[in-house]
Amino acid sequence: MYEALSCQVIEISRGTMHDGPGLRTTVFLKGCPLRCLWCQNPEGMSAAQGVWWEERKCIRCLACVEACPSGALWDNETGIHRDRGKCTLCGACVEACPSQAMTFTGQEWSLDDLVRAVLKDRDYYEAFGGGVTVSGGEPLSQHRFVGQFFRRLREAGVHTALDTCGSAPAAALDAVLPYTDHVLFDIKILDPALHQQFTGQSNGVILQNLMAVAETMRQNHWGRTLSEGHALRLWIRTPLIPDATATVDNIAAIARFIHQNLRDVVERWELCAFNSACKRKYDKLGLTWTYEDYPLMDQHSIDALERVALAAGIPREKLVVSGLVAKASA
Amino acid sequence: MGTVLLDERVADTAPGGRPIADLAPHSGVVMKVPPKFVQSPRIQILAQRSRELAISGKRRLGTEDMPLGDHACWIHIGPFPQLDELPSRANGYEATGESWGRDYAFLVDHFPVDIHRDERIVGEIHWEMHMVRQYVWPDSVREVGKWAAELGASGYSSGHTCPDLAIGLSQGWGGILERIKESREKYVRLDNQPKASYLYGLQMICESVIGFIQRHAEKALELAQAETDPWQKQTYQRIAECCAHIAVNAPRTYYEGVQWIHFAVIMDRVVGHGNGYGRLDLYLIDLYRKSRAAGELSDEEAREYLSEMFLKLRGQFFSLGGRDAELKDATNEMSFVVLEAYDLIGDYNNLGVMWHPGINRDFYNYACDVLARHGESIPVLVNYDLMREAELRSGVPEEDAWKVVYSGCQWFCIPGKEFCDQDVNSINLISPMKRTIAAAIDRGITDFESFYALFDEELTLTARALREWKNSQYELLGSLWPEMYTSMNSHGPIERGIDMVDNRGVDYQYTSVNILGIPNVADAFHAIRKLVFEEQRYTLAEVKEATETNWAGREPMRQRFLNQGKFGNDLDEVDAVFVRITESLARILGSMVNLRGQEFRASLFHFQGHVTPDAIGATPDGRLAHEYLAHGINPQVGRATEGLLATANSIAKVDQRKFQGGTMQIELQPRFFDGKEEIWKYVRDFTEVFFKKGGIQVNLNIMDLKKLQDAMDHPENPDYQNIIVRVTGYASRFICLPRSYQKEFVERMNYEGF
């Protein structure tokens, strides 16, 4: 018998091509211990349920304002506003909204339902050498669920990938890693003080966890098998955030760290170029975002960072740049 | 005589085999696709000539105000000069095959002969029978049509079949003519005047075709005699020899085979209907192997002959791959050569690759590579086994079912044996849906099952109206507008003395019916079930009033209907409604027979009905009156929010063996594949899984949306001259489409990711 587990999901994205090998379904879970200033999924930061409002879909019928039993909603020319203090998250506004402009930020999914949902694309995972990735938020914040979820997927023969920021108790990692085929591990900033400044936490635990992943791989003879017959693979990911992570010093430091400590286990280091597509999400949450006016990175800056990484000893074939880059003329 | 307007500089450039220094500066547009093969200077000249004809409107279909594309096989040079002397105009019209044949022969006998420098494949046409001969239905038939249209059923028969060119390739026009004469003599002897008269019409047509090809031989000989350039002189001589032989005889070499097929197709296009032409790789394989073995054909020549033919024909529907009579993979060397010939020139075409699990891997890989590199939905990928099973299910025996071929937009048929009125008839499902709502209000229906039962009744009414309408046409079709030319390369008409469109002229005469608006009705029914019957938030009377007034003053209600689950998102509950409607269609249409005693079959497709929504009005799926309806079996634009795989899964839930095709139409932007290499592998892996799950056809355009939007406003920009898109079932040059079609195309680009 399996436990009747459930989790809070912010989004299920099918057919993703950038969250691990092949074609995948990525499940974004709610709740994250970090507070990265550039966070691309701000609705996933808080583990608690929330309500957000999308201007584009709103027809200003004010059914939500009328339906709210706590008087927490009001409207003016800039949209519908919510008093977080008064709101009890009862959902009356969500129910009243005819156009899905007012919605919950998270949906509760049972383990069974989620397994069933992601298995719908199983034939495509097989054909494309893909599988299922959990991301977030921070999936390890719901590690009991993720462990069981991966266990079920593995029983079904589906490849599993964990996309983690690394900030979690060691026990969380222990619960998930045995059923994980692939780890996508973020190293955002190597300098602990800067890490604290940009993400709200130092990176001591994160790097410890990363070393633990590496140790697991080594103990299980990298390239051979884990106890259940699966090789564990590791990709490092670094978001390239202007003035924060995308500095020559930081990339050089991460490159040295990988080269010195992880070169036997890291298969790929991916530099993910920044984009501001998630501004819409900050708008929906009624938040302002530090990075909303930041342009796309240009090829020149990315080339410079690549050179730094290569100079530190990272092999060319392990270094991958992804994401949108500004056109030279722009 | 009518010569085609050409750019003088191009026409006067050096012949093939020599580099042409100044081609690039005035060639204007170039193929912006990573090339696999390099175009010879000769092919560059011919491609440029073909493009100029298309862009200058000389191959326009439709009218100047409402162009439907640039894929006409004929080249505009003005009206037919001898129009008043046409026998049916000069001597009186008769609705008979003999009169039809006499007109056809007169028209062809007055065709100019066009042979251009640098060409090896020759033959052009400038007029169609539709332009010269009347095709008017009597009022009694049209009255039936009006009544049927009110019930949502429509469509005038016009061609849309597929000849079996293997007949003429093996017998030659002379062989066909002998069979016509023999059969005619038999019916004269037996005093069957109508059949003898029909066969006389066929005889005149066949003789005019032979004469037309012979005139090419004569003209080429004249040109050769006057020519001083040795290469060009030799080329004219070869054309003369080839045409002199194939005018009467079966082709002996690969070159003659391609030229024979070219004439066979253009003379079919003279009729003016949308036919397919069969399996080009099977037609040509024997001649190809023979010419290769004789050492008279290089790889490059094999490709170029077909490229030339494609440039002149504007493509046409040919198919490749599939299985043979033993159900083994039918892919052969020619399958590759045909795709290479397209790969060499890009541009307009309508090739179909018939996939099955055992298809030659290298060939399917190459097909996906061609599709991914050009991004213009060429080739179309179709699921051969499902097409074959659909034919078997209709009653076509095993010995014929394997011959099935993708023949047009979304449809398939048995070459030379099937006249099924593909792609011309339609049922607009919105009509029975509206009647269902009205009837349900009258009867006070309060549950979805009773509501759906009413829909079944109303759909039956529409289907019966279609049957009456089609039967009233079938009584007269063989005399009003026979498909006499196509009948010559079919199995039955000559010996039976019956045209293929007439009763029992060919063996398989099912009536195919395109269905418009299934996704809209499925979405509407799901919303009605939820909001009217389950939640009882609205009454059916409110739904009726809201849609009849285009939701005026009821935006919250419209949003509520719009925001229910929609087809195309892999939601089992909604998809089940969709599947249920398709099952109703298969059952109701399949239970009715036409005058020929054969079933009606639904096709889950509509070639353009979705872009003319005005008369239909708003619908309970939340659609406003001016918004386009869903395209065929594809979700309404903007409603598939879960990505391409989810939509593919929704579509694959339909049992395609019960239908006559239903295309998944995919428009992607190049950035979809940013940072990815070997895009063709994505195409291959996706389509193979989709087909294994039950999908029958994929049309894939990979187009830069910004470029298309800009091309709408700046069609003169050289960068935009050569963009080909698959509109629905057919491909066209984007800038040659009417604005409404362009707009619909641009708006439907909706997959951000798999």
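Here the focus is the packing of aromatic side chains. Residue and element names in this part refer to chain B. Under the definition given, this model contains 47 aromatic pairs over all chains. With 5.8 Å between their ring centres and 55° between their planes, Tyr-135 and Trp-137 make a pair best called tilted. Of the two residues, Tyr-135 and Trp-137, neither departs from the other in class, the shared state being buried. With centroids separated by 5.6 Å and ring planes inclined at 55°, the aromatic side chains of Tyr-452 and Phe-455 adopt a geometry described as tilted. Placement of both Tyr-452 and Phe-455 in helix α19 (residues 448–480) is noted, with a separation of 3 residues, approximately one turn of the helix.

The next point concerns the domain arrangement of chain A. Residue and element names in this part refer to chain A. Partitioning chain A into structural domains gives domain 1 (6–46 + 106–322) and domain 2 (51–104). For domain 1 and domain 2, the distance between their C-alpha centroids amounts to 33 Å. The partner domain 2 presents 5 residues to the 7 residues of domain 1 that form the contact. Across the interface of domain 1 and domain 2, roughly 650 Å² is buried in total on both sides, 55% from carbon and sulfur atoms. Sorting the residues of domain 1 by area buried against domain 2 places Gly-106, Lys-284 and Leu-285 first, and these three jointly supply 72% of that buried surface. Seen at the junction of domain 1 and domain 2, the total is 2 salt bridges. With a closest N to O distance of 3.4 Å, Glu-54 and Lys-284 form a salt bridge. Connecting domain 1 to domain 2 are 4 residue pairs in polar contact (both at pLDDT 80 or more). Split into classes, the residues belonging to the side of domain 1 that touches domain 2 amount to 1 nonpolar, 1 polar and 5 charged.

Note: α-helices contain 3.6 residues per turn, so residues at a spacing of three or four share the same orientation. Among the residues of helix α29 (residues 739–747) of chain B, those classed as buried are Tyr-741, Gln-742, Glu-744, Phe-745 and Val-746 of chain B. Where α29 of chain B is buried, its residues meet β2 (67–69), β13 (663–668), β14 (697–702), α28 (705–713) and β15 (724–726) of chain B.

Attention shifts here to the interface of chain A and chain B. The interface of chain A with chain B comprises 21 residues on the first partner and 26 residues on the second. For the pair chain A and chain B, the summed buried surface comes to about 2000 Å²; carbon and sulfur atoms form 57% of the total. Summed over the three residues of chain A that lose the most area to chain B, namely Arg-14, Met-17 and Tyr-124 of chain A, the buried surface amounts to 33% of that side. Taking the shortest distance from any N to any O, the salt bridge between Arg-14 of chain A and Asp-570 of chain B comes out at 2.6 Å. Those elements that provide at least two residues to the side of chain A that touches chain B are β1 (6–16), α2 (92–96) and α4 (122–128) of chain A. Counting residues per element, the side of chain A that touches chain B draws most heavily on α4 of chain A, which supplies 4 residues.

Let us look at the sheet that holds strand β10 (residues 426–428) of chain B. Residue and element names in this part refer to chain B. Spatial strand order, β3-β10-β11-β12: 4 strands in an open sheet with mixed pairing. At either end of the open sheet lies a strand with only one pairing partner, and these are β3 (153–154) and β12 (600–603). As judged from the 3 bridges shared by β10 and strand β11 (residues 511–516), these two strands associate in the parallel manner. Bridge pairing in β11 links Asn-428 to Leu-516.

To continue, consider the domain arrangement of chain B. Reports of interface size often rely on the accessible area that becomes lost once the parts have come together. Residues and elements named next belong to chain B. Domain boundaries in chain B define domain 1 (44–145 + 162–410) and domain 2 (426–651). Placing a centre on the C-alpha atoms of domain 1 and another on those of domain 2 gives a separation of 34 Å. Of the residues lining the interface, 56 residues belong to domain 1; the matching set on domain 2 comes to 35 residues. The junction of domain 1 with domain 2 conceals about 3700 Å² of combined surface from both sides, 63% of it contributed by carbon and sulfur atoms. Counting the contacts that link domain 1 with domain 2 gives 2 salt bridges. Counting across the domain 1 and domain 2 interface gives 18 residue pairs in polar contact (both at pLDDT 80 or more). Those elements giving two or more residues to the side of domain 1 that touches domain 2 turn out to be α5 (97–109), α6 (129–132), α7 (139–150), α8 (166–189), α9 (193–226), α11 (254–269) and α16 (384–394). Looking at side-chain class alone, the side of domain 1 that touches domain 2 contains 34 nonpolar, 14 polar and 8 charged residues.

Residues and elements named next belong to chain B. One way to put it is that helix α12 (residues 280–293) packs onto helix α14 (residues 333–345) with a least axis distance of 8 Å and a crossing angle of 110°. Taken as axis vectors, α12 and α14 run roughly perpendicular relative to one another. Judged by residue contacts, Leu-280, Asp-281, Leu-284, Ile-285, Tyr-288 and Arg-289 of α12 engage Glu-333, Met-334, Ser-335, Val-337 and Val-338 from α14. Of the residues that constitute the contact of α12 with α14, the class distribution is 7 nonpolar, 1 polar and 3 charged.

Take the side chain of Ser-377 of chain B next. Of note, Ser-377 of chain B is situated in the loop between α15 (361–374) and β7 (380–383). Sequence-distant contacts of Ser-377 of chain B, that is, excluding residues within four places in its chain, are made with Leu-371, Asn-699, Leu-700, Asn-701 and Arg-726 of chain B.

Residues and elements named next belong to chain A. If you walk across this open sheet you meet the 9 strands as β7-β1-β2-β8-β9-β10-β11-β12-β13, and the pairing is mixed. A single partner strand is all that each edge strand has here, and the edge strands are β7 (107–110) and β13 (319–322). Ignoring strand direction, the axes of neighbouring strands in this sheet form an average angle of 30°. In this sheet, strand β11 (residues 233–240) lies alongside strand β10 (residues 182–186) in parallel orientation, the contact comprising 5 bridges. From the neighbouring strand, Asp-186 faces β11, where its bridge partner is Arg-237. Relative to the sheet, helix α3 (residues 111–119) contacts β1, β2 (24–29), β7 and β8 (131–136), its axis offset from that of β7 by approximately 90°.

Definitions and cut-offs
Starting afresh in each chain, residues are numbered from 1 along the sequence in its written order. Note on labels: chains are lettered from A, ligands numbered from 1, in written order. The predicted origin of the model limits local features to residues at a pLDDT of at least 70 and limits the giving and counting of side-chain atom pairs to 80 or more, whereas totals for whole chains, interfaces and linings rest on all residues. Side-chain measures were taken over the full set of non-hydrogen atoms in the model, leaving aside hydrogen atoms and water. Pairs were defined over the aromatic rings of Phe, Tyr and Trp, the Trp ring being its six-membered one, requiring ring centres within 6.5 Å. Orientation was assigned from the angle between planes: stacked under 30 degrees, edge-to-face over 60, tilted for the rest. Partly exposed describes any residue whose relative accessible area lies between the buried limit of under 20% and the exposed limit of over 50%, with all areas from a 1.4 Å probe on protein chains only and scaled to the type maximum. Under the DSSP-based scheme used, a helix requires at least four consecutive residues in state H or I and a strand at least two consecutive residues in state E, with every element numbered from the N terminus. How far each domain reaches was decided by an automatic or database domain assignment. Contact definition: two residues touch when any of their heavy atoms are within 4.5 Å. Throughout, buried area stands for the accessible area (probe radius 1.4 Å) lost by two parts on being put together, summed over both. Every case where a carboxyl oxygen of Asp or Glu lies within 4 Å of a side-chain nitrogen of Lys or Arg is listed as a salt bridge. Under the rule applied, a polar contact is a pair of N or O atoms within 3.5 Å (in protein, one hydrogen donor and one hydrogen acceptor; residues adjacent in sequence only if both atoms are side-chain atoms). Gly counts as polar in this scheme, as do all residues outside two lists: the nonpolar Ala, Val, Leu, Ile, Met, Phe, Trp, Tyr, Cys and Pro, and the charged Asp, Glu, Lys and Arg. Pairing between two strands is assigned when DSSP locates at least 2 bridges connecting them. Throughout, an axis means a line fitted to C-alpha atoms (over the contacting stretch in the case of helices), and angles, computed between N-to-C directions, take values from 0 to 180 degrees. Angular relationships are summarised with four words: roughly parallel below 35 degrees, roughly antiparallel beyond 145, roughly perpendicular across 65 to 115, and oblique for the angles in between.

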